[in-house]
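The primary structure of each chain is shown beneath.
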Amino acid sequence: MHHNFINGQWTPGVGTRPNVNPSDTRDVVGEFAQADAAQTAQAIAAARAAFPAWATGSIQARADALEKIAAELLARKDELGNLLAREEGKTLPEAVGEVVRAGMIFRFFAGEVVRQCGEHLPSVRPGITVDVTREPVGVVGIITPWNFPIAIPAWKIAPALAYGNCVVFKPAELVPGSAWALADIIARSGIPPGVFNLVMGPGRAVGQTLLESTDVNAISFTGSISTGQRVLATAGLRGAKVQLEMGGKNPLIVLADADLPQAVEVAVQGSYFSTGQRCTASSRLIVERSVLPAFVDGVKARLASLKVDDARAPGTDIGPVVDADQLAQDELYIALGQQEGCELAFGGQRVERSAPGFYLTPALLVGARADMRVAREEIFGPVACVIQADDYEHALHLANDSPFGLSAGICTTSLKHATHFKRHMQAGMVMVNVATAGVDYHVPFGGRKGSSVGPREQGRYAAEFFTTVKTAYTQS
Ligand SMILES: NC(=O)C1=CN([C@@H]2O[C@H](COP(=O)(O)OP(=O)(O)OC[C@H]3O[C@@H](n4cnc5c(N)ncnc54)[C@H](O)[C@@H]3O)[C@@H](O)[C@H]2O)C=CC1
Ligand SMILES: O=Cc1ccc(S(=O)(=O)O)cc1
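About the thresholds
Residues numbered from 1 in each chain as written. Chains lettered and ligands numbered in written order. Predicted model: local features only at pLDDT ≥ 70, side-chain atom pairs only at ≥ 80, totals over all residues. Heavy atoms only, no water. Near = heavy atom within 4 Å. Polar contact = N/O pair within 3.5 Å; in protein donor to acceptor, adjacent residues only side chain to side chain. Helix = DSSP H or I, 4+ residues; strand = E, 2+ residues; numbered from the N terminus. Nonpolar A, V, L, I, M, F, W, Y, C, P; charged D, E, K, R; others polar. Domains from an automatic or database assignment. Areas by Shrake-Rupley, 256 points an atom, 1.4 Å probe, with all protein chains shown as cover. Phe/Tyr/Trp six-rings, centres within 6.5 Å; stacked < 30°, edge-to-face > 60°. UniProt positions renumbered as here; feature names shortened; annotations may be inferred.

**Q** Break down the site of ligand 1 for me, with residues and values.
**A** Around ligand 1, the surrounding shell holds 26 residues, and the nearest of these are Thr144, Lys170, Glu173, Ser224 and Gln326. Taking Gly223, its main chain carries an N or O atom lying 3.3 Å from a nitrogen atom of ligand 1. Ranked by the residues each element gives to the shell around ligand 1, the list is headed by helix H7 (residues 203–212), at 4 residues. Here the shell around ligand 1 is built from residues that sort into 10 nonpolar, 12 polar and 4 charged. For the shell around ligand 1, the domains that each give at least three residues are domain 1 (4–246 + 451–475) and domain 2 (250–432).

What follows is the structure, encoded as structure tokens:
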């Protein structure tokens with residue numbers, strides 16, 4: 001049994017929930033505690049009580065704790081990667097890579113603890129000086145999705161702790177294993193009781209309590225648009241600081257002058273790897289008319305070479321979809337695309353493997369138009385649609401015609417078009433001849449329009465969310 005971690009104690013929940021392997025639904029990864037609102041309130045109270053000492057305590061102790069967490073994550077990357085692949089369904093190399101990413105994030109923020117700085121300025125008034133410093137926000141509620149079970153928690157928890165905040169962490173119900181393993185490592189890192197708390201359980205009980213509690217000063221959330229809007233309406237309305245990362249409908253433009261084999265690889269990597277379950281996945285392939293047939297043939301040939309199988313089997317390129325609900329959503333959109341007039345040029349079929357799992361072949365919808373639902377709504381599976389463009393200007397217009405603005409890419413050999421695209425694409429992250437998914441851990445991450453609310457995550461920019469600025473005037 002895997003308990004919650006509250007005020008330094010492993011604490012049984014009010015119920016339990018099994019964690020099921022999507023590659024083999026007969027395999028139960030473990031039983032995990034489920035908290036209710038009252039237990040969540042205990043965790044919030046513990047974080048509140050721990051905050052004053054942690055916020056003002058030794059920064060060397062903080063840096064040491066984060067470095068210890070980083071070192072253990074990196075040392076156990078294969079074991080933890082195996083757990084992650086087993087519970088979420090991304091392939092073993094992808095899962096090990098995600099654990100390494102989590103370790104590097106903790107290492108980065110261990111360094112940031114001792115690199116914090118402020119400003120000392122002259123005042124416009126004689127005899128007065130001004131200091132601008134950053135202080136922690138307080139108690140931070142961290143609510144995470146299932147698609148990056150350890151990296152997303154790491155990139156919220158590490159900066160929260162580094163800048164002196166206390167944390168109540170509520171992971172997604174589908175992937176408690178990686179969250180619990182991370183909590184276990186944090187619990188043994190030397191941080192005081194109450195500074196970090198793990199509360200597993202349903203969004204409507206645990207998550208909602210975090211949103212409503214006036215003892216929670218900030219909420220960092222990644223997940224669906226509907227839940228993100230609820231976070232904003234509830235926590236935002238009561239004045240909590242809110243940071244939301246909510247998906248995308250990321251375009252990849254392929255121009256006639258692109259290196260076509262490279263463009264095919266960039267599209268397939270961005271659209272289908274990690275089973276397409278990435279908020280940065282390329283789900284709109286916007287292709288200039290003259291190269292569209294060759295590009296589609298190239299993508300189909302590459303997809304035909306991919307092995308869809310158990311996430312942990314050697315040679316698997318694409319693991320299963322995360323669960324039955326997500327599989328149903330993917331299939332619904334594939335059928336909808338066909339009803340809207342697209343041709344299903346490849347895949348989109350359930351497949352049987354040696355074990356019962358949620359296996360779907362990567363789907364390519366050709367002949368999409370910008371106004372179709374498959375071209376506007378996030379599907380969150382191994383499904384991409386191809387939209388024809390007349391030229392670069394038309395392609396850019398189509399790419400920007402979206403309620404989202406997270407990541408966007410272009411494949412071109414034209415410096416002129418690449419430069420124009422980087423400036424005029426309305427997205428938080430823009431890529432030239434690089435997949436829309438697959439980002440560094442030390443630079444800002446986030447989007448525009450409906451994709452994101454609040455300051456960027458990651459790198460030094462994380463300080464914007466996890467600290468608050470103070471201006472001090474001193475008469476000498
Ligand atoms: N942008 C992204 O990275 C992600 C987007 N999604 C999208 O969301 C869809 C649904 O996936 P879900 O896992 O159901 O997403 P979700 O938004 O319901 O879940 C994300 C997190 O929010 C929590 N939550 C749910 N209801 C809550 C509430 N009332 N108050 C506070 N927290 C709450 C969940 O327990 C989970 O920890 C997917 O099909 C996909 O389209 C899902 C995962 C990640
Ligand atoms: O939110 C976490 C996250 C999102 C995207 C990626 S990547 O684009 O696949 O690198 C990694 C982590």
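Anyway, onward from the coordinates.
**Q** Account for the site of ligand 2, with residues named and values stated.
**A** Taken together, Arg101, Phe148, Ile152, Trp155, Arg278, Cys279, Thr280, Ala437, Gly438, Val439 and Phe445 form the complete shell of residues around ligand 2. Here an oxygen atom of ligand 2 sits 3.3 Å away from a polar atom, N or O, in the side chain of Arg278. Within the complex, the protein chains bury 98% of what would otherwise be the 320 Å² of accessible surface of ligand 2. Here the residues of the shell around ligand 2 are counted per class, giving 7 nonpolar, 2 polar and 2 charged.

**Q** Talk me through the packing of aromatic side chains; I want residue IDs and the actual numbers.
**A** The way to describe two aromatic rings as a pair is by their centre distance and the angle between their planes. Applying the stated criterion across every chain yields a total of 8 aromatic pairs. Between the aromatic rings of Trp10 and Trp180, the centroid separation amounts to 5.1 Å while the plane-to-plane angle is 35°, which identifies the pairing as tilted. In this pair, Trp10 sits in strand E2 (residues 9–11) while Trp180 sits in helix H6 (residues 176–187), placing the two residues 170 residues apart along the sequence. Summarising the aromatic geometry, the rings of Phe108 and Phe109 are spaced 5.0 Å apart at their centres and angled 80° between planes, so their arrangement reads as edge-to-face.

**Q** Quick one: what's the story with the UniProt feature "coiled-coil region" (unreviewed entry) in the protein, residue by residue and with numbers?
**A** Under the feature "coiled-coil region" (unreviewed entry), the UniProt entry names residues 63–90. Here residues 63–90 runs as 89% helix and 0% strand, with 31 Å between its end C-alpha atoms.

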